[in-house]
Amino acid sequence: MDMALDQMSDISDDALLVLFANGDRGAAHSLTSRLTPRVLAHAYRMTGNRAEAEDVAQEAMLRLWKIAPDWRQGEAKVTTWLYRVVANLCTDRLRRARLAPLEAAPEPEDERPSVVEAMQQQARADALQAALGELPDRQRQAVVLRHIEGLANPEIAEIMQLSVEAVESLTARGKRTLATALKHRQDELGYTE
Amino acid sequence: MTQGNDDMSALDSHFAAARNTAPTPSSDLLARVLSDAEAVQAGQVQTRMASTPRGTPLAQLFRALGGWPAMGGLTTAAVAGLWIGISPPAALQEMTDGYLGPDTTVYLIDTSADVALGLIEEAS
């Protein structure tokens, strides 16, 4: 199915959510195409599993649709709320079934053309994903939000309901662990940066 | 320290790779999300319509006129008009006597609060 282009690109997420609650179908299209990629990407970074990430993304978006009539504009960013929901859903799933260990890291998602750079990028991303899977949940969440999603520490603090200092501490510890794990991985696989 | 910096620099290249290879939603996932959206939206609209009172045409007219507050004003005006019609004040009788003579009987019929229509019927 071809999604409609985001025709309401100038409208904020929470205004679109109000339109959605008023029955505007265009708002449903816009929010779907605007937010699903971010939700899916975050869920994938948290779970390391594409199928799980898709389920989480669909569930998180479903919760967004349901909360729309009660959404209070200006109180929180829609994406902040979504990141929190995604993290909670992922944590629940991770508790039920711990994810695959480093050795069973997911295979590359798609077979790109045999361009060396693209393959290297995918190898790095996969290695990182495997190392992320070894981090404690909260460290992984903080590192992903800061260094992959590119959010600022105050927003991460709001999402994780922590102080900014606690976020900084989590990301610092997470990065140290990741750097060590990736160094080992690099030595094992023999690739160079 | 340099080794630590190198490790962090390598880590940054991994983060960049992760950003560049972010998974994109399949058309199937987008369709499922949109389908959920439309189902939830239809339910919410239906719920809102069901919770809006409709009632009989008379009840709708009552609401359209403004409900009980407006009805209070209308009733007061109607009762006042009826009372003036049945028992005209002496000042009114004197005024009509002055214009029409003492043998004229005056009937005031107030048909609504806003439009007062006076019908004067001359006594035979």
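None of the values given here were measured: they were computed from a predicted structure.

Cut-offs and rules
Residues numbered from 1 in each chain as written. Chains lettered and ligands numbered in written order. Predicted model: local features only at pLDDT ≥ 70, side-chain atom pairs only at ≥ 80, totals over all residues. Heavy atoms only, no water. Helix = DSSP H or I, 4+ residues; strand = E, 2+ residues; numbered from the N terminus. Buried < 20%, exposed > 50% of the residue type's maximum accessible area, 1.4 Å probe, protein only. Contact = heavy atoms within 4.5 Å. Areas by Shrake-Rupley, 256 points an atom, 1.4 Å probe, with all protein chains shown as cover. Polar contact = N/O pair within 3.5 Å; in protein donor to acceptor, adjacent residues only side chain to side chain. Buried area = accessible area lost by both parts, 1.4 Å probe. Salt bridge = Lys/Arg side-chain N within 4 Å of Asp/Glu carboxyl O. Nonpolar A, V, L, I, M, F, W, Y, C, P; charged D, E, K, R; others polar. 1 Å grid on protein atoms, 1.4 Å probe; cavity = no way out; pocket = protein on both sides within 12 Å on 5 of 7 lines; lining within 4 Å. Points joined across faces, edges and corners; volume = space filled by probe spheres on them. Axes fitted to C-alpha atoms, helices over the stretch in contact; angles between N-to-C directions. Parallel < 35°, antiparallel > 145°, perpendicular 65-115°, else oblique. Left-handed = near helix turned anticlockwise from the far one by under 90°. pLDDT = per-residue confidence, 0-100.

Undergrad: Mind laying out the overall build of chain A, listing which residues take part and the relevant values?
TA: The number of helices and strands found in chain A is eight helices and zero strands. Traced from its N-terminal end to its C-terminal end, chain A shows the element sequence α-α-α-α-α-α-α-α. Across the 193 residues in chain A, those meeting the buried criterion constitute 49%. Restricting the contact set of chain A to residue pairs at least 6 apart, pairs at least 24 apart contribute 61%. For chain A, the exposed area adds up to about 9,500 Å²; of that, 49% sits on carbon and sulfur atoms.

Undergrad: Which residues make up the environment of A:R84, and what are the values?
TA: All names here are of chain A. Residue placement: R84 occurs in helix α4 (residues 78-96). Judged by its relative accessible area of 24%, R84 is partly exposed. Along the backbone, R84 and I159 are 75 residues apart, and their C-alpha atoms lie at a distance of 5.4 Å. Other than its neighbours up to four places away in sequence, R84 contacts E158, I159 and Q161. A polar side-chain atom of R84 sits 2.7 Å from the main-chain carbonyl oxygen of E158.

Undergrad: Summarise the interface of chain B and chain A; cite the residues concerned and give the values.
TA: Of the residues lining the interface, 33 residues belong to chain B; the matching set on chain A comes to 44 residues. In this assembly, chain B packs against chain A so that about 3,600 Å² is buried in total across both faces, 65% of it on carbon and sulfur atoms. Between chain B and chain A we count two salt bridges in total. Looking at side-chain class alone, the side of chain B that touches chain A contains 17 nonpolar, ten polar and six charged residues.

Undergrad: Could you give me a rundown of empty space enclosed by the protein, with the residues and numbers involved?
TA: Residue and element names in this part refer to chain A. According to the stated counting rule, one finds one cavity of 30 Å³ or more in the structure shown. Here the largest cavity defines a volume of roughly 50 Å³. Every residue along the wall of the largest cavity is listed here: L35, R38, V39, T79, L82, Y83 and V86. Per-element tally for the lining of the largest cavity: the top contributor is α4, with four residues.

Undergrad: Outline the packing of helix α2 (residues 25-47) of chain A against helix α2 (residues 27-50) of chain B, supporting the account with residue identities and numerical values.
TA: What describes two packed helices is the angle between their axes and the distance between those same axes. Close contact between α2(A) and α2(B) brings their axes to 10 Å; oriented N to C, the two are set at 135°. Classified by the angle their axes make, α2(A) and α2(B) are oblique. Taken as a pair, α2(A) and α2(B) cross one another with a handedness that is right-handed. Contacts between α2(A) and α2(B) involve A:R25, A:A28, A:H29, A:T32, A:T36 and A:L40 from the former and B:L29, B:L30, B:V33, B:L34, B:A37, B:E38 and B:Q41 from the latter. When the residues that make up the contact of α2(A) with α2(B) are grouped by side-chain class, the tally is seven nonpolar, four polar and two charged.

Undergrad: Can you explain the pattern of salt bridges? Please cite residues and give values.
TA: Note on pairing: side chains with opposite charge can pair once their charged atoms come close. A complete count under the given rule lists eleven salt bridges over all chains for this structure. Taking the shortest distance from any N to any O, the salt bridge between A:R34 and A:D13 comes out at 2.6 Å. Of this pair, A:R34 sits in helix α2 while A:D13 sits in helix α1 (residues 13-21), placing them 21 residues apart in sequence. A residue is classified by how much of its surface remains accessible, and A:D13, at 16% relative accessible area, is buried. Among the ionic pairs, A:R72 bridges to A:E75, the shortest N-O distance being 3.6 Å. Looking at A:R72, the relative accessible area reads 57%, which means it is exposed. Overlapping salt bridges, with partners in common, bring together A:R50, A:E54, B:D28 and B:R32 in one network.

Undergrad: Pulling in residues and values, what's your account of unusual backbone geometry?
TA: Residue and element names in this part refer to chain A. The backbone phi angle of Q161 is positive, close to 55°, even though this residue is not glycine. One can find Q161 in the loop between α7 (153-160) and α8 (164-189). By relative accessible area, Q161 is classed as exposed at 61%.

Undergrad: Talk me through α7(A); I want residue IDs and the actual numbers.
TA: Across the eight residues of α7(A), six count as buried, placing the element largely inside the fold. Those residues of α7(A) lying buried are A:N153, A:E155, A:I156, A:A157, A:I159 and A:M160.

Undergrad: Describe the confidence of the model for chain B, listing the residues and the values that go with them.
TA: Close reading of the predicted structure is inappropriate where its pLDDT is low. All names here are of chain B. Overall, the predicted model of chain B reaches an average pLDDT of 74, with 59% of residues at or above 70. Of all the helices and strands in chain B, strand β2 (residues 117-119) carries the lowest mean pLDDT, 51, while α2 carries the highest, 90. Listed scores for the predicted complex are pTM 0.67 and ipTM 0.79.

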